[in-house]
Structures are given as C-alpha cells and as structure tokens.
Amino acid sequence: MCLPVFLCVYLCFYMFTCVSTCLCLPVFLRVTCVSTCLPVFLCVYLYFYVFTCAGGWSPQDSDSYPWLQVDLGSRKQVVAVATQGRYSSSDWTTRYRLLYSDTGRNWKPYHQDGNIWAFSGNSNTESVVRHDLAQGIVGRLLRFVPLDWSGEGRIGLRIEVYGCSYYVINFDGQGVISYRFKVKKMKIIKDVIALKFKTWDSEGVILHGEGQQGDYITLELRKAKLLLQINLGSNQYGSILGHTSVTSGSLLDDHHWHSVMIERYRRNVNFTLDTHTQHFRTNGEFDHLDLDYEPMGGGMKNFRGCMESINYNGDNITDLARRKKLDTSSFRNLSFSCMESHSFPVFFNATSFLQLPGRANQDVVSLRFQFRTWNANGLLLFSNLDDGTLEIALDDGKMGVHFNVTQTKNTRIAISSGSGLNDGQWHAVHLVAKENSVMLTIDGDEASAVRTTTPIIIRTGGTYHLGGEEGSVCVCKSFQGCMQAILLDDQLADMHAVEKGIVGVFENVSLDMCAIIDRCMPNHCEHGGRCKQTWDNFSCTCDRTGYTGATCHTSLFEQSCEAYKHLGRSSDTYWIDPDGSGPLRPFKVNCNMTGVCVCVSITTSAEHCQQQVSYACRMSRLLNTPEGTPYTWWVGRSSEKHFYWGGSGPGIQKCSCGIDRNCTDPKYDCNCDADHKQWREDSGLLVYKDHLPVSQVAVGDTNRQGSEAKLTIGPLRCQGDHNYWNAASFTTPSSYLHFSTFQGETSADISFYFKTSAPYGVFLENLGNTDFIRLELKSPTVVSFSFDVGNGPVELAVHSATPLNDDQWHRVMAERNVKEAVLQLDLNYRETRPAPPQGHTRLELFSQLYVGAAGGQRGFLGCIRSLRMNGVTLDLEERAKVTPGVKPGCQGHCTSYGMYCRNGGKCVEKYNGYSCDCTATAYDGPFCTKDVGGFFEAGTLVRYNFLSEAAAANQDARFLAQPLTAQEVNLTGEAVAFSFSTSNTPAILLYVSSKTQDYLGLVLRQNGTLQVRYNLGGLKEPFTIDVDQRNLANGQPHTINMSRINRTITIQVCTHTHTPSLRRPKASDTQLNLVKTLFLGKVFETGVIDPVLIERYNTPGFVGCLSRVQFNGVAPLKTALRNPITDRPTERQSVPVSYQGKLVESNCGASPLTIPPMSAVTDPWRLDSGTIHTDMFICQPLYFLFLFSLFLFSLSSCLISPDFCHPSQVFPVLGFEPLSLCLSLSLSH
C-alpha cells in the first residue's frame, strides 16, 4: 500500500508568495506492484488528508529500484526540498538523490559543486531536514531516490517542495519572434538580456540583432556550447576591429533548462550561463551597440527547443508573445508548451550492466545506437553469437569492432573508425555484418565508412550485453557514459518495458537519464592550463603557462628581483610574477642585484620607479601653457590621462625646464611650446610610480606644414620590493590584525615568512558558518593547515627535523583547490592531500580574516612578513601602525640572512630587510661575492699607503722611537689573498714595504714559478719560499692565499697542477715592523728596498689581471678602482690609495679555467663521459688537510709521470674529479 503524505501548508504558503493561485500538486507513488496517483486538491483538503492519514511513503522490500515521484502539475522553479521519516515508525531515509524532468522521461540529477549531489536525510522520524538548492531547478516532475536508510527499519519518507511557476515558448526550427524597437534606430550603451532555454540539438541561433553600421550581437549554440558574438563597431580601414567572441558551457543539448544572462555597460560585459560568469571587455574603441533591426529569437540556424523568461532591456518578450504583442507570423503553430524529446537515454557507470534481447539465428547483424562519453576506452556492446563473439569497444577514442567466428575455422575480423569520439558529444554507430561483408559507419558519414570483404558466416545469438560483460575477452574497461536510440537487429529497444521489468535485465543502470558531467566546464585549470577529463576526474596540463600545481594555480617564478636576490642569484634576466597566482602573467625583467629592476608592471610593490620620456620637436608644441588645452598627453597604469611631462609632477602642466625656469622661451614652460623652427627637446624622468608605466602617448601637434616630432619612451626602472619585506611583530598573545574576508572559494593559496621563539601560535584564521581555514604552528616542529569546505575538517601537517622556534625566518606555502590541498615548509617539507571525489568544493567564509590569533586563543608571538593570499600581499605594516600589541616591521633579519653576506661582508640591519656591507672586503655586489679586479698594462702600479705621507717620509730615529700611532703598525701576522692571471714574467705581484728594512714580496720568477720573499730581520738574507715548480704564467687564473702567525706560514695555491718545493727558514724575527706601503704590479718606493726584487722583477712590471686583492683588512685594488684619481689635494690626502699608468676594471684574474688540464678525449682517468666541469674550483684548507694525506699515501703507488697521475686516481673514495687542486703548505719552526 502506498500512503501519500504531503505537508502542503508550507508549500502553499510559499507558493502564495510567488504566484496568485495556490494548488496542492499531485503526488505519484511508485512501488514494484502498483502506481497510485492522488487527484488535485485545494490546500485545505490535502492539509486535512495528511492529518487524517498517518504514516508516509515506504516501498516494498522487493522493489530493487525504489523512488518517490512528485508531479507539480506544471513546470515550476524548485528552490528547496525538505524530508521527514515515516510517522510513528523506525523508517527514515539517511541519504537520497533528487532527479527532475518535464515529462517523466529524460531525467536529470541535481548537480552541485560539479557532482551529482547526494542530499543528507534524516536520523529519526520526526525532525525535518531542509535543503535550499544552491542552483534552482526547473521542471514538472521530481523524483526522490533513496540511497541509504535507517538501520533499525526500512526506507521511510515524507517530503516538502518549494517553488514558483514559469511560461514557455516552443521553437520548431522555422519560427522566429521579431521584437521591434520603439524607434527605428537604437544607440544602446547598456544591455541586459536574460532567458532560459533547453534543446536536444547542438546547433542553433538563439538571439540575433544587427545594425547598418556593422554592429551586431548574436547568441547561438555551436557543438552544444554557447557562443556569444558582439561587435560594437569596426572601421572600413581595418585599424579598429570590434569583433569579440566568448564561449561558455558544454553539453547544452541535454534537453534540460539552462539560464543565460548578458549584462553590458559600454565595453564591459558579464556573460553568465547557469552559475558560471565570465567577465570580459569587447575589442575596438566604441562603446555603443547601434542596432536598427530587431533582435530575433530562434530561426536563423533552425534552433529547435524551448525558451522561457526572455527579457530584453526590461521587456518580457515571453509575456509579450503570449499576449500577441509581437510578430509571430513565421510560426506555423505557435505553442506555449514545450515539445518533448522522444529519446530514452541510459546511463552506465563503472559497474553497470544492461542485457537486451535481439533476434536469434539471423544471418545479419544490424546494430544502431548513439553514445557519449569522456573515456577513451570502454566496452560498449558484447554478444555471444551462435558460434563466436562480437564486441564493440572504444580504443583510444576510436570505435573498434571485433568478430571472432569459429564455425568452420577461426575467423577474426577487426575494424575501427572515427577518432576523438570521447569528446562528450553524441555519436551515432551503425554496424551491418552479413556474409562476406562488414561495414561500420560513424555519425552517418557514409563516405568514411569502413568496410571489409572477409568471408564470414554469422548466426546471431539473440542476446546483447551493453556497458560490460564478464565473459568478454576485451581488455577494455566497462563503458562509462550514456546510450540512446538503441536498435538491435533492426528492432528498437523498448526501454519503457525494461524500466517496468518486462524486458531485459539490468544492474546499476540509471534509466531515462544521462548524468554526464563536463568537469572541464567551468575550467578549473587556471592561467591557460589545458583541461583533460575522464568520466570520473579531470587533470590540468600546465606546460608553457608559467604555472604549476594540480590546477596550474602556483607560479613557477619569484615575485620580484628582491626574491631572486635572496636565493643567491646574480644580476641577469629573469621571469618574475609580481602577483603570484593572480591574473597578471609572468614577464621578463633585467635584474640588477644592486636593487634596480628594468621591467614594466611592478610599480605597486616597488619602493621607487622612474621612466624616461623625451620629446624632440620642430614646430610641434607639447603642452602649450598651464591654462591651455595640452597638445600631448600620456596614459598611465590605470588608463587615465596625464598632462605633465618628465621632470615635473602630477597636477603641474609643465616640463622639466618649466620647473627649473630655464626654458628656451621664458613665456612657456616647455622648450617645444615656443614653436621654434629649430630642433628643441623636452625630456626628464616620470617618478610618480602610481601613474607608471606609460602605456600610450597621444601627440597632437604634428599636422602643420613643417612640424616634426620624435618621441622616445625609456624602460620602466623600479627599485626595491616593499611587499617582500612588509612585516609585523606580534608582541602579546592576544594581539592580532584583521582584514576583510578572504575570497578563495574554489582556489586559494597562502604564503608567508615567520620567525618566532614561541613553541606554538596561530598564524591566521578565517571562519564561515561551518567552513573555515587556519594555519598554525602547533608545536616547535609542526606546522598545520586545516580547513573545512562542508565535507568535514581536513588537516595537513608537516614535521620539521629541527625546531622552528629558533628565531630564524621560515617560509610557509599552503594551497587548496578542487583537486588537492598542499602544505609546504621551507621548500623541504611537503604534504599533499587529494580532494574527495564527490562533495563540496567551495570555501564559504564570512568573518574577518584574523592574522596572529584565532579568536584570542593560542596567539602568535613573533614576526610575519610577505603575507600573500591569492596573489595579493596584505599590508601588515600599515595595519600594525593602528593596532595595539602589534608593531610594524621586524628586526633581526641578519639573524636569518647574515650568512648570505660572504667573504667577510658585514650584515647591516634595515627596517625593511638587510644589506651586506662589502667595504672591508675585496668583493662587491649585494652579497659581497662579485670579484673586483683590474687589468694592468706594462708600468701600471697601485700604491696603498698605511701611513700618512708625512709619517712615511720621516726617517728620523727619534721619530721611530716614539710610541706607535693609530696608523703605525707592527705586524706579527699577515693574511694575503688574491687571484691573478698573466703570460709575462718576471713580475712583482704584491710588495709590502716598511719604514725599516722589513718587507714582504710575492713574485713570479723568470720561469713562471711563484716565490715568496720575507725579510723580518734576524737573518743575513731574505727568507724565500719557492712555492711551486710549475709555470703559473700560463694565462690561466690562479688563487693565492697566504697567512703568517709569528713563525708559522701557511700558503695555498689553487691551480690545476703543481709540485711544491719547500725550504724551512732559519731563526728570524716575528714582526713586520712599521708597515708603510703596499704595491701591486710594480714598486716605486724610496728607502730600503730588496735590491734583488728591483733588479730582477720590477721591470717592465706586471702585465695581466689581478683580482680580489686583500691584505689583512685592506682591499687596495678595490679601493683604487672605486676612488679614481682626482686633482684636488684635499681629496688625495683623504684617500690612501693611488695608481699610475692605465688601470681598467676587469675580473679576468678570477675567471674560471678556460683550458682544462687535459682534454676529455685523451684523459685516461676521467670518470664521466666528455663533460668538462670548468667551474669546479676547490679551495678549502680543511679539505686539503685530509686530501693531502691521501695524496701522500697514494703517491707511492702512482709510479707513472706526475702529469698523468690524475686526481681522480688519487681521490677515488671521494667520488669527485677536481680540475683545480689547492695546495696548503705550513711552515713553522
């Protein structure tokens, strides 16, 4: 017995607010045995009927596919449903699916978040569970399909439905509705067009209007996608092309209702299909739609289907047509009811099976059907013949037919046709097989039909299996998709009989519906990523987009030159993405790591920007006068016009000369405004960064005879990145910053840096009703990312091997999209969590975004900087200025980044970052890693004075006996480092003199070997060290590192090969007394000088390259290059360095080896295959102490020539092959 229960009082109340009539609608109740229909009652009667009949709907246990069907009497828009369990029982439904239709055939499931939605039901018999439909549905019939029910009883259901009425017009492919304007010609600046349609055709024009000037607007279906074409005007010369086309949606030939809205204001258009909106701007320069013909609906390309609620700029065309206020004469029979489709689709999932009867023992196989799917592979049909098998399957998007007949002898026939048949469109298959002939036709294309004349004898088996078959030998998966119009052996399959259980057998098949979903529409692949899909899932191909991730959301590039700089990159050309995952595409910039970026679109975050503009003119005026109309203007970043020129500022209609009051004609504020016949120029820098870059310049005074002008726009140059260092310090556990609600419905990314000494704290949190998103330091080693989009809380956690509360900067990156969630820490730790295959996907938040705390609990103590959310950097500093307990900026950057200052550079703390002070080093650059060197010609020398000129010239004994001043130094040790390359010998590399007879010299002898000469006193002859017997004057770079502490001398020579010669010194003093002057390249000195050095090595002097020269804390070569010679005596006295001859800055003395020790072809000890690692340069004393022991140990077994005793043989355990070997010598006594 089927008990009708419909709580009509709620429905009628709701209906009364929507329409003028209030009728309770009939309810169809289906069970296996009977189908009962209640008549139409007025509300009061049905209300009474409900309360006199207890219970509710509950199907019989034998019903394998139960559903409850509701007939609303006419088409309604349904906006909400509610359910209860069966009265006074243990029966209720815990989960159900909602289907809807206009005719009781061709059912469509309710979709939400891109999935066939399953509603949560009841947990008892009394409570009412209501669901407001996120997307209202339109139909006459509803079906409630139980999926799960009470474990204590059985299925039980009472329902309520809420909705309103609609009117409809049927288009037969011939008729057209003509809507004439009130005036013949319309010049429209704003349009609002709305309608709903449904059709079973994939092609057809829905609306079209045009004007005599070429303007038009067209809305049409193409391949079941909606195409909007609009043209606000083009010109006859082709310089202005206004045509714009946008495509939306797919699978729109599903014979279900779809809503469209087009909103245009000037050139800005919102194009909405169902719930997906595209925003775009039309091409061209015009902003009016000039129409003088009426827009038409249907007709032009035989649109067949139904439309309703057609509104054009406030006029209800549907109502006007119903009241015969419009021309409908082209219709043979205008109908306000929708013609229904005669198709009966069948939906197959991965476990579906449908068995249908054919004709047995026939000698002809004749099959027809239509299908649509996204899967490239799948078994569509299988049949056991009288003696063999038949299979029809998709294989890589092609339709394949396989016959295997074994009646007399094994006969195998395999043919295939078509391609790309897994595109989601309907495709028709026609197979005819008979004696000596098999023909396969796809989509009715007889010209492309595939035939074979292989002899074959066929006897049909009488049964066909669609969608899958356990006995099939096909390696294909079961078919997932839809079929319709199935003819087996020329008999149309009676799907109504199948539905009633009279014919055929099926399992897990949905009848009279096609639940195909286009998972690529809307396209969740961002930034131009290409979407690919199967029936169950989709994937994004991000090649050549500049983005990565499951949805191409995350940029591959850093946000600025500043970010690359702190990755240790040198000056070069880089791709940057200032807004990360935002709409701005990556672009190339030239990064000068001293802080200047040559680029085009990063003015928002830059600390300073400028752009050079120049206007050269002859009888071509520029701005005229401050009160007059300007002849020339330029357009900036926000498409606004500006009337000032380079060297001036906003609101000042002048050029640079007008500001400086030095224009050619003082009556004007620009040189060009004087209108002279001679060439003049107005140029200068535009520095107001909010107006930059210059995107367009309009030049107006060039049409007079004799007038000429030349315009030059330089590149945009920006410096600094405020966003990268934008920081706030949270000083109390209850302090926080608040911002507007985070908008990250389907795709959200968050990145920031933090440092703290606290063991825990919430970084940020944003809440909704049940949805939320939170990032938190849960413990000293754990960062978590948690969220809920309606499917229950999800938490990702990454565990660090070291404590994170170490007061060092750490980077956190989190992303959530419809495919997955990702959490990454410091580029080292990463966790990924895939999204559930079905469920909610939209993150709906409404509270403010809190940074630094979560409702005052577990507040964060420390610093957060560079907080970016979906490509937008939050201004923490500005908000912190007005927030108690939070301070703008963050100190202590050197704690984390000081290690990047190399070669003795000093980290200097800044408010918004840090810098490396390279003053006391021989290096330059942002991290003190750039070699500073020079090329010495013959006779060039560099002199660095440790004493003032007066002190150096005073050799009086009384002066020497006086206490040492700050400039007078006695050295008990030296640290010398430099690189050189030369091909000339002999030469002086470095010489240090003193006011006594002490000195230090490093020279290249005639044979190119290196010698160190010391005179510290106490010895009859200078102490010399012949460091290497190899020729170092080979044009290759070599690095020298030498240090002395009292009597211990350590020398490192980094070169490709050498053999040392050692002599131990005799007793000597330990001090280099009263150091006076250091010379590079040549010595030009008064007083006591090593005569051997002068006679043998000083002429003609060093010719070659010296680089990164350092003596103790002095960088003499860098100081000389950074302080050019001046003629001013006061400046000469303040600078301790000078040079003679020609000195050209170059780092050639520190370049890597250009000639390997041995070619890759002839080197017998080379480990790799032909790759020459010329950049491998090992120069570490600690390494050498270990390697030198191995070297001595291995040398005894290396009995061949030293030239062929390759380092890769000496150091096989270390697994590397140094092209450069550093020798560390220690001499002591």
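Not measured: the values here are computed from a predicted model.

Before we move on, can you summarise the overall build of the chain with the specific residues and values?
From N to C terminus, the chain includes 16 helices and 85 strands. The proportion of buried residues among the 1229 residues of the chain is 51%. Taking all contacts inside the chain whose residues are at least 6 apart in sequence as the whole, residues at least 24 apart take part in 69%. Carbon and sulfur atoms make up 51% of the accessible area of the chain, which amounts to about 56,100 Å² in all.

Summarise the sheet that holds strand β50 (residues 641–642); cite the residues concerned and give the values.
Within a beta sheet, neighbouring strands are joined by backbone hydrogen bonds and run either parallel or antiparallel to one another. What the 3 strands build is an open sheet, ordered β50-β49-β52; its pairing is antiparallel. Edge positions in the open sheet fall to β50 and β52 (696–699), since each of these has one partner strand only. Note that strand β49 (residues 632–635) and β50 share 2 bridges and pair antiparallel. Within β50, the position partnered with V635 by the bridge is K641.

Which residues make up the state of the cysteines, and what values go with them?
Applying the stated criterion across every chain, the model contains 14 disulfides. For C525, the disulfide goes to C540, at an S-S distance of 2.0 Å. On the S-S bond that ties C525 to C540, the torsion sits near -85°, and the link is left-handed. With C525 in the loop between β40 (505–511) and β41 (530–533) and C540 in strand β42 (residues 538–541), the pair connects residues that are 15 residues apart, well separated along the chain. In this pair, the class of C525 matches that of C540, namely buried.

Explain unusual backbone geometry to me, and be specific about the residues and the numbers.
A cis amide bond links L692 with the next residue in sequence, P693, at an omega value of 5°. Mapped onto the secondary structure, P693 falls in the loop between β51 (680–686) and β52. With an omega of -10°, the peptide bond running from T985 to P986 counts as cis. Topologically, P986 is positioned in the loop between β74 (973–982) and β75 (987–994). Phi is positive for R266, close to 55°, though the residue is something other than glycine. Assignment of secondary structure puts R266 in the loop between β21 (258–265) and β22 (268–273).

Account for the sheet that holds strand β73 (residues 941–945), with residues named and values stated.
With antiparallel pairing, the 7 strands of this open sheet are ordered in space as β78-β77-β76-β75-β81-β73-β83. Both edges of this open sheet fall to β78 (1023–1026) and β83 (1137–1140), since each of them pairs with a single strand only. Ignoring strand direction, the axes of neighbouring strands in this sheet form an average angle of 15°. Direction of pairing for β73 relative to β83: antiparallel, over a ladder of 4 bridges.

Mind laying out a nonpolar patch on the surface, listing which residues take part and the relevant values?
A grouping of V699, L711 and I713 is seen on the molecular surface, where their side chains present a nonpolar patch of about 190 Å² in accessible area. Here L711 shows up in strand β53 (residues 708–719). Overall, the relative accessible area of 34% leaves L711 in the partly exposed class.

With reference to specific residues and values, describe a negative patch on the surface.
Together, D423, D443, D445 and E446 line one region of the surface with negative charge. Looking at the secondary structure, you find D423 in the loop between β33 (411–417) and β34 (427–434).

I'd like a description of the packing of aromatic side chains, backed by residues and values.
What characterises a pair of aromatic rings is the spacing of the ring centres plus the angle enclosed by the ring planes. The full count for this structure, using the stated rule, is 28 aromatic pairs. Ring geometry for F171 versus F303: centroids 6.0 Å apart, planes at 70°, classification edge-to-face. One end of the pair, F171, is in strand β13 (residues 169–172); the other, F303, is in the loop between β25 (296–297) and β26 (304–312), and 132 residues separate them in sequence. Owing to a relative accessible area of 2%, F171 belongs among the buried residues under this scheme.

Now, about the side chain of T1009: what can you tell me, with residues and values included?
Tracing the backbone through its elements, the reader meets T1009 in the loop between β76 (999–1004) and β77 (1010–1015). Looking at T1009, its side chain comes within polar contact range of the side chain of N1007, at 2.7 Å. Those residues in contact with T1009, other than ones at most four positions away along the chain, are V1003, L1004, D1028, Q1029 and R1030.

A description of the pairing of strand β57 (residues 761–767) should follow, citing residues and the corresponding values.
For a regular strand, side-chain orientation follows a simple rule: the groups alternate between the two sheet faces. Across the 7 residues that make up β57, a large majority, 6, are buried. The pairing of β57 with strand β64 (residues 849–851) spans 2 bridges and is antiparallel. What sits directly across from L764, in β64, is V851.

Break down the pattern of salt bridges for me, with residues and values.
Once their charged atoms are close, side chains differing in charge can pair, the charge on each being opposite to the other. According to the stated counting rule, one finds 30 salt bridges in the structure shown. Two residues, R95 and D148, come together in a salt bridge whose shortest N-O distance is 2.9 Å. With a gap of 53 residues between them, R95 in strand β6 (residues 93–101) and D148 in strand β11 (residues 129–149) connect regions that are remote in the sequence. Judged by relative accessible area, which is 34%, D148 ranks as partly exposed. Among the salt bridges present, the one from D132 reaches R130, with a minimum N-O distance of 2.9 Å. Its relative accessible area of 55% is what places D132 among the exposed residues. Since its relative accessible area comes to 42%, R130 is described here as partly exposed. Through salt bridges that share partners, R621, D675, D701 and R704 make up one connected network.

An account of the environment of S1146 is requested, with residue identities and associated values reported.
By the secondary structure assignment, S1146 is in the loop between β84 (1143–1145) and α15 (1181–1195). Accessibility expressed as a relative area gives 22% for S1146, which makes it partly exposed. Residues S1146 and F936, spaced 210 residues apart in sequence, show a C-alpha to C-alpha distance of 9.7 Å.

Report on the side chain of D215, specifying residues and quantitative values.
As for its position among the elements, D215 is in the loop between β17 (204–210) and β18 (216–222). Of note is the side chain of D215, whose polar atom sits 3.5 Å from the backbone nitrogen of G233. Sequence-distant contacts of D215, defined by excluding residues within four places in its chain, comprise G209, E210, N231, L232, G233, H288, L289, D290 and L291.

Describe the confidence of the model for the chain, with residues and values.
Scored by pLDDT, the chain comes out at a mean of 80, with 81% of its residues at no less than 70. Taken as a whole, residues 949–953 scores under 50 in pLDDT and shows 4 contacts with residues more than four places along the chain or in a different chain. Low pLDDT, under 50, characterises residues 955–967; the predicted model gives this stretch 15 contacts beyond four residues in sequence or across chains.

Give me the lowdown on the environment of E152, citing residues and values where you can.
Take E152: it is sitting in the loop between β11 and β12 (158–165). Taking the C-alpha atoms as reference points, E152 and S89, 63 residues apart in sequence, are found 9.7 Å from one another. Setting aside residues no more than four positions away along its own chain, E152 makes contact with S90 and W92.

Before we move on, could you go through the environment of N590 and cite the residues and values that matter?
Assignment of secondary structure puts N590 in strand β46 (residues 587–592). Taking the C-alpha atoms as reference points, N590 and I576, separated by 14 residues in sequence, lie 9.9 Å from one another. Here the side chain of N590 touches T573 through a polar contact of 2.7 Å, side chain to side chain.

The rules behind each value
- Residues numbered from 1 in each chain as written.
- Predicted model: local features only at pLDDT ≥ 70, side-chain atom pairs only at ≥ 80, totals over all residues.
- Heavy atoms only, no water.
- Helix = DSSP H or I, 4+ residues; strand = E, 2+ residues; numbered from the N terminus.
- Buried < 20%, exposed > 50% of the residue type's maximum accessible area, 1.4 Å probe, protein only.
- Contact = heavy atoms within 4.5 Å.
- Areas by Shrake-Rupley, 256 points an atom, 1.4 Å probe, with all protein chains shown as cover.
- Pairing = 2+ DSSP bridges.
- Disulfide = S-S within 2.5 Å.
- Axes fitted to C-alpha atoms, helices over the stretch in contact; angles between N-to-C directions.
- Patch = residues over 30% accessible without salt bridge, like charges linked within 9 Å, V, L, I, M, F, W, Y side chains within 5 Å.
- Salt bridge = Lys/Arg side-chain N within 4 Å of Asp/Glu carboxyl O.
- Lys, Arg positive; Asp, Glu negative; His and termini not counted.
- Charge placed at Lys NZ, Arg CZ, Asp CG, Glu CD.
- Phe/Tyr/Trp six-rings, centres within 6.5 Å; stacked < 30°, edge-to-face > 60°.
- Polar contact = N/O pair within 3.5 Å; in protein donor to acceptor, adjacent residues only side chain to side chain.
- pLDDT = per-residue confidence, 0-100.

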